[in-house]
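Fold and geometry: a report
Given next are the chains, with one letter for each unit.
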Amino acid sequence: MATTEHRTYCRYCISLCGLRVTTDGDRVVEVSGDREHPVSAGYTCPKGRSLGAFHHRPDRLDHPVLRRDGELVRVGWEELLDDLAGRIRPIIEESGPDALGSFLATGAAFDPAGRTAGTRLLRALGSRSAYSSATVDTPGKPLVAELMGGYPGLIPAVDHDHATLALFVGTNPVVSHGHLNALPMPTARLRRLAERGEVWVIDPRRTETAKLATRHLAVRPGTDHAVLAFLVRELLPEGADAAYLDAHAEGVDELASAVAPFDRDTAAALAGVPADDLDDLLAAVRRHGRIAGQTGTGVSMSATANVTEWLLWALHVVTGSYDREGGMWFHPGFLTQLDRRRLPHSDGSAAPGPRSRPELPGRYGEYPAAALADEIEAGNLRALLVGGGNPMLALPQPERVSAALSRLDVLAVVDVLPSATTALATHLLPAAGQLERADLPLFVDRYVPQVSTQYTAAVVAPAAQRRPMWWVFAQLGRRLGVDVLPAGLDPDTATDDDVLAAIGGRGRVGFDALRAADGPVLAERAVYGWVTDQLPGGRWRLAPPALVAQLAAAPLVPAGPGALRLIPRRQIRHLNSQLTDDGGARTGREAAAAGLHPADAGDLGIADGDLVELRSAHGSLRCVAQVDDSLRRGAVAVPHGWGAPAVGALTSDRADVDPLTGMPLLTDVPLTVTRVRGARSSRRRVPPVRTMTN
Ligand SMILES: Nc1nc2c(c(=O)[nH]1)N[C@H]1C(S)=C(S)[C@@H](COP(=O)(O)OP(=O)(O)OC[C@H]3O[C@@H](n4cnc5c(=O)[nH]c(N)nc54)[C@H](O)[C@@H]3O)O[C@H]1N2
Ligand SMILES: Nc1nc2c(c(=O)[nH]1)N[C@H]1C(S)=C(S)[C@@H](COP(=O)(O)OP(=O)(O)OC[C@H]3O[C@@H](n4cnc5c(=O)[nH]c(N)nc54)[C@H](O)[C@@H]3O)O[C@H]1N2
Ligand code: SF4
Ligand SMILES: [Mo]
């Protein structure tokens, strides 16, 4: 058997694990971790290892498909693109360019050529209706970076080589492999941190990460800000890096007033943790002097997302931990090289939202996804291009989203597999998957824990009629009379490499050298000291008025302390909605269940495996209960991405939206849980959630 071995990297999550893929002709016969990879060193998770199976899945989208008189018809690319352009053209003529929108999400973040083409298409046509998953994931993070540091793209990264005190707030990297800080080989990296010093985890669940930590604070959901405000309050008079603050910060007094209400007892009562634990954490910060802390979706999806992120940043600035060894460095990106540029400054102000939701903030060239259904219902958005996203299961209120998407004149979906969204498509465009295209991690290389990148050639040629997403958008653009590709490239003749060279050719190492390396290239393990000098006026703004106001408005005592609250969680074998439907083969050990603390379950007369109904102010769903003693009492953990239960039914894109970012609140949602009567007899035991972490 003449087999070939390829070096590539996984594009499911931001860890970008290095892979060795063996092919035999057009068959992928083996996928394993790349032991020589400088960041992932042979590590992979079950998702990455399943990429060979993914490539050959019988349900992969292979042919362009058109919905004609309600029937799905397989057509050729020419016919599909001509039809699509022919339907979009009159919509733009009648309703203006904003009537054409895009939703480019997780799958597109890992496909820079495709995402760039999608963005350029919309821009060239003059449409402002760009949406993505970033506004249901983490909009508070760029906002805080902008308000405090003058630039939204500042991404603090844990100094894994020197930090002695690490703090993980609302993130479970052992399962997720990180939020904006990737953690490939999470167990090994966390153990190394814990051996060197202390690792603290703040999470209502005793997570897989918490189990590797030295300490765990099981806070009440939505109250992280209280813990951080308490720390800042106590550190300002004792434990702050006064010299750093004098030289590099403004607003110290305003910050001190803002956190003044969060004394030890207030913070402990609000967060629902023993005050002694807060004393211990404070003592740890004073002892270590520096801290390396990061948040995840447990924070970024909450009502207190912005203030928590702000106070974590403030904690770093107050202790002189930012941009310095032993704390957090800022990731300049291998390809983006922010450390070699002059950063433009901005102040966090927003453009108005779309017409139906003008109160929502437009930022970074996008509207919040919370406006998507309203814009369609209002008739403002008539055609939508979806690339690498599944809005049906990512957004609140799936029933409403479904009705809205079904009303569109055009729903064109570029994807690799069928999804809840492709099921509604008028035009289905089969994309080349991650093994079928050359790539560079242009938009995600700033999340990996070192300054490195990797070019990959396509491991196998695109099968069937699958095409790169850049080609799809460029061909559509050509039919609509606009040039989409950079550098004047011709969509009929350009290659993946041509497009990548045009968009990612300005890295530390030129595109040709990256391509010649055909594997990972490590530039530095960390870069310190490039941000502080570039701050507006040379100073961190410690007390942005918008955040001070949000903190002042946050309650100081828990609302309904005994009530149940929905919290999110992730599971190892699927990524959002991807890989949840795997013919049962690999996801069998994961349950789409609602986790409940044993005492809460007992109070409600619920046993493991019972069918339960979850109800919030926004909707309800039914699923199986899973009694789980790793949860804090009151927290009900429901994973997202499953079609049933579609947890979005419990959340709202209208009622519960953060005013500064337009982020729908997805954690700390009040809810009731009841056993569905008569269901016990048909009770099915849920297999235990076994976390595979390698
Ligand atoms: N296996 C897998 N990996 C993934 C994904 C996936 O679906 N599966 N999704 C990817 C995506 S898109 C993202 S954005 C990242 C997210 O990465 P993470 O943010 O690390 O996501 P989670 O693992 O859900 O961790 C969130 C944690 O927050 C906790 N939490 C909930 N509410 C609160 C709260 O109010 N306060 C605090 N302190 N904690 C809270 C939850 O218990 C949970 O442990 O993961 C990525 N990686
Ligand atoms: N209630 C609740 N809701 C949530 C969350 C939560 O924790 N709780 N999490 C939120 C978060 S963090 C996020 S990021 C969003 C996720 O929102 P999305 O990004 O919309 O969700 P995914 O399910 O990851 O959808 C990715 C799609 O891309 C496709 N895809 C994969 N690879 C490729 C490719 O190479 N090319 C193309 N063209 N397509 C590809 C997949 O098949 C899939 O259909 O959901 C959010 N919604
Ligand atoms: S952790 Fe898993 S999904 Fe993420 S890059 Fe590595 S192999 Fe892929
Ligand atoms: Mo996300």
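Okay, so let's go over this structure. (Residues numbered from 1 in each chain as written. Chains lettered and ligands numbered in written order. Predicted model: local features only at pLDDT ≥ 70, side-chain atom pairs only at ≥ 80, totals over all residues. Heavy atoms only, no water.)

Some points on the pairing of strand 5 (residues 71–74)
Cut-off, in case you're wondering: Any two strands between which DSSP finds at least two bridges are classified as paired. For helices the rule is a DSSP run of H or I covering at least 4 residues; for strands it is a run of E covering at least 2, with both sets numbered from the N terminus onward.
As judged from the 4 bridges shared by strand 4 (residues 65–68) and strand 5, these two strands associate in the antiparallel manner. Bridging from a neighbouring strand, Arg68 pairs with Glu71 of strand 5. Between the antiparallel neighbours strand 4 and strand 5 lie 2 residues, among them Asp69 with a positive phi of about 50°.

Let's talk about the site of ligand 2
The following threshold applies: A single heavy atom is enough: if one lies within 4 Å of a molecule or strand, its residue is considered near that molecule or strand. Pairs of N or O atoms are called polar contacts if they sit within 3.5 Å, as long as, within protein, a hydrogen donor faces a hydrogen acceptor (for residues adjacent in sequence, only side-chain-to-side-chain pairs). Shrake-Rupley sampling with a 1.4 Å probe provides the accessible areas, and residues are treated as covered by the protein chains on show and by no other component. Each residue gets one of three labels, nonpolar for Ala, Val, Leu, Ile, Met, Phe, Trp, Tyr, Cys and Pro, charged for Asp, Glu, Lys and Arg, and polar for the others, Gly among them.
Within the structure, ligand 2 sits among 27 residues, and Thr106, Asn390, Asp415, Arg437 and Ser577 are positioned closest to it. One of the backbone nitrogen or oxygen atoms of Ala394 is found 2.8 Å away from a nitrogen atom of ligand 2. Between a nitrogen atom of ligand 2 and a side-chain N or O atom of His640, the distance comes to 3.2 Å. Burial of ligand 2 by the surrounding chains reaches 94%, relative to a free accessible area of 920 Å². When residues of the shell around ligand 2 are traced back to their parent elements, those giving at least two are helix 4 (106–109) and strand 16 (410–415). Partitioned by chemical class, the residues of the shell around ligand 2 number 13 nonpolar, 10 polar and 4 charged.

Thoughts on the side chain of His55
Rule in force here: Contacts: residue pairs with any heavy atoms within 4.5 Å of one another.
When you line up the elements, His55 lands in helix 2 (residues 51–56). Setting aside residues up to four positions removed in sequence, His55 forms contacts with Asp26, Val28, Arg60, Leu435, Glu436, Val460 and Arg466.

Structural notes on the site of ligand 3
All residues adjacent to ligand 3 are Cys10, Tyr12, Cys13, Ser15, Leu16, Cys17, Thr44, Cys45, Lys47, Gly48 and His177. Taken together, the residues that form the shell around ligand 3 break down as 6 nonpolar, 4 polar and 1 charged.

Some thoughts on the sheet that holds strand 2 (residues 18–24)
The line we're drawing: Axis definition: a line fitted to C-alpha atoms, limited for helices to the stretch in contact. Angles are taken between N-to-C directions and run from 0 to 180 degrees.
Within the open sheet, the 3 strands sit side by side as 1-2-3. Their pairing is antiparallel. Strands at the two margins of the open sheet, each flanked by one partner only, are strand 1 (4–9) and strand 3 (27–33). Taking the axes of each pair of neighbouring strands and ignoring which way they run, one obtains an average angle of 30° across the sheet. Here strand 1 pairs with strand 2 via 6 bridges, running antiparallel. Note on strand 2: the bridge partner recorded for Tyr9 is Gly18.

Things to note about helix 19 (residues 398–407)
As a reminder, the rule being used: Burial status follows relative accessibility: with a 1.4 Å probe on protein chains alone, a residue under 20% of its type maximum counts as buried, one over 50% as exposed, and anything between as partly exposed. To be clear, the arc concerns the directions from the helix axis to the C-beta atoms.
Within helix 19, burial applies to Pro398, Arg400, Val401, Ala404 and Leu405. Buried residues of helix 19, viewed axially, fall in a sector of 155°; they line one side. Across helix 19 from its buried face, at more than 90 degrees, point the exposed residues Glu399 and Arg407. Tucked into the core, helix 19 has its buried residues touching helix 17 (372–377), strand 15 (383–387), helix 18 (391–394) and strand 16.

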